[in-house]
Structures are given as structure tokens and as C-alpha cells.
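Residue strings, one per chain:
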Amino acid sequence: MSWPIPCEPAALEPVRRRLGRWLAAAGWPDEAVADVVLAVNEAVSNAVEHGCAQRCDGVRLDARVSTVAGRRRVDCTVHDCGDWDGVARRCATRGFGLPMIRELSDEVRIEHGGAGTTIHLTSLDPPG
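Basis of the calculations
Residues numbered from 1 in each chain as written. Predicted model: local features only at pLDDT ≥ 70, side-chain atom pairs only at ≥ 80, totals over all residues. Heavy atoms only, no water. Core = buried A, V, L, I, M, F, W, Y, C linked by side-chain atoms within 4.5 Å. Buried < 20%, exposed > 50% of the residue type's maximum accessible area, 1.4 Å probe, protein only. Helix = DSSP H or I, 4+ residues; strand = E, 2+ residues; numbered from the N terminus. Contact = heavy atoms within 4.5 Å. Salt bridge = Lys/Arg side-chain N within 4 Å of Asp/Glu carboxyl O. Arc of directions from axis to C-beta. Pairing = 2+ DSSP bridges. Axes fitted to C-alpha atoms, helices over the stretch in contact; angles between N-to-C directions.

S.K.: Please clarify how the nonpolar core should be interpreted in this entry.
M.R.: Across soluble globular proteins, nonpolar side chains have a tendency to be buried as a group. In this structure, L23, L61 and V78 are the most contacted members of the largest nonpolar core, which totals 29 residues. Elements that contribute at least two residues to this core include exactly strand 1 (2–6), helix 1 (12–25), helix 2 (30–51), strand 2 (58–68), strand 3 (71–80), helix 4 (97–104) and strand 5 (116–124). The dominant element in this core, judged by the number of residues it contributes, is helix 2, at ten residues. In contact with L23, other than residues within four places in its own chain, are W28, V33, V36, V37 and V74.

Take a look at the structure:
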């Protein structure tokens, strides 16, 4: 699943709703959907605020559910074309988003480069 997201805060609510429905349709456990949606929402929010502030036309969210070593997982990738340069200086009194994303996800990886910033989030199906 891949969604283009416009660089505007009003785009966040439809992304949350659509991602939640997609996860439910993929059979992701109800009790774990909220954590994935909240983590992805924060990543998209950061991309819209920081990445789009530079030269971006939009943000892209890619997501897939797969099974690795017998365990289901959802992998979400949020990409923007900004480099987030100077974000720490501009937002010195904030900065809770990335720690929250890390707490809600099993794995988080952030890549900055000439093509922009990409955040990869992985959540494992809770043992049941």
C-alpha cells in the first residue's frame, strides 16, 4: 500500500483513518492498531512540518504486512524530500515525537540524504 500525502496538516486525520482501516483489513490485531497509527501519524506530522518546509511537494507513506521468521510484522516508511536541517534549533522546546515513535515501534530507522528524509517503522504482531 502506498499513499501520497499533501504537505498540509489537514491531511493527517484522513491518513490515520485510512491506515487504521487498512491495518484492520490486513488482520492486524485491534489492540495493536492504535500504536501503529499513532507512531505513523507522528512520523507523517514531522514530515509535513519539517520536510515540507523546505522543497517538498508532498510526503509518501508506504506500508506492508508480512511474515518474517514465523512472526507477522507491519513495516511503514514515511518519506519527504527535506533534510530537516536546523530542526533541533527551531524546535528546542519540543522534541517528543521521535521518542514516542521509538516507544510505540519495535524498530525505527531514520535516513537523511540528498533525496530527503525517510523514517522506517516496524511493529511486530503482539504474541497472542
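Once the structure has been displayed, the description carries forward.
S.K.: What is the right way to read the pattern of salt bridges from this model?
M.R.: The full count for this structure, using the stated rule, is six salt bridges. Between R64 and D75 there is a salt bridge; the shortest N-O distance is 4.0 Å. Placement of R64 in strand 2 and of D75 in strand 3 is noted, with a sequence separation of eleven residues between them. Each member of the salt-bridge network shares a partner with another, and the members are R64, R73 and D75.

S.K.: Which parts of the structure should I look at to understand the side chain of H120?
M.R.: Residue placement: H120 occurs in strand 5. Apart from residues lying up to four places away in sequence, H120 is in contact with C76, T77, E107, V108, R109 and E111.

S.K.: I would appreciate a short explanation of helix 4 in the present structure.
M.R.: What sets the pattern is the α-helix's 3.6 residues per turn: residues three or four places apart point alike. Residues of helix 4 that are buried include every one of G97, I101 and L104, and no others. Projected down its long axis, helix 4 carries its buried residues within an arc of 70°, all on one side. Contact partners of the buried residues in helix 4: helix 2, strand 4 (107–113) and strand 5.

S.K.: Mind showing me how you'd approach the environment of P9 here?
M.R.: Within the secondary structure layout, P9 lies in the loop between strand 1 and helix 1. As for P9 and S45, which are separated by 36 residues in sequence, their C-alpha atoms are 7.2 Å apart.

S.K.: Just to check I follow, could you spell out the sheet that holds strand 2 for this structure?
M.R.: Strand pairing in a sheet relies on backbone hydrogen bonds. The paired strands run either parallel or antiparallel. Reading across the sheet, the five strands line up as 1-2-3-5-4 and stay open at both edges, with antiparallel pairing between neighbours. Sheet topology places strand 1 and strand 4 at the edges, where each strand pairs with a single neighbour. Strand-to-strand, the axes of this sheet are offset by a mean angle of 15°, without reference to chain direction. Bridging between strand 4 and strand 5 involves seven bridges; their strand directions are antiparallel. Its bridge partner being in strand 5, I110 is matched across the sheet by I119. Sitting on the sheet, helix 1 touches strand 1, strand 2 and strand 3, and the angle it makes with strand 1 is about 170°.

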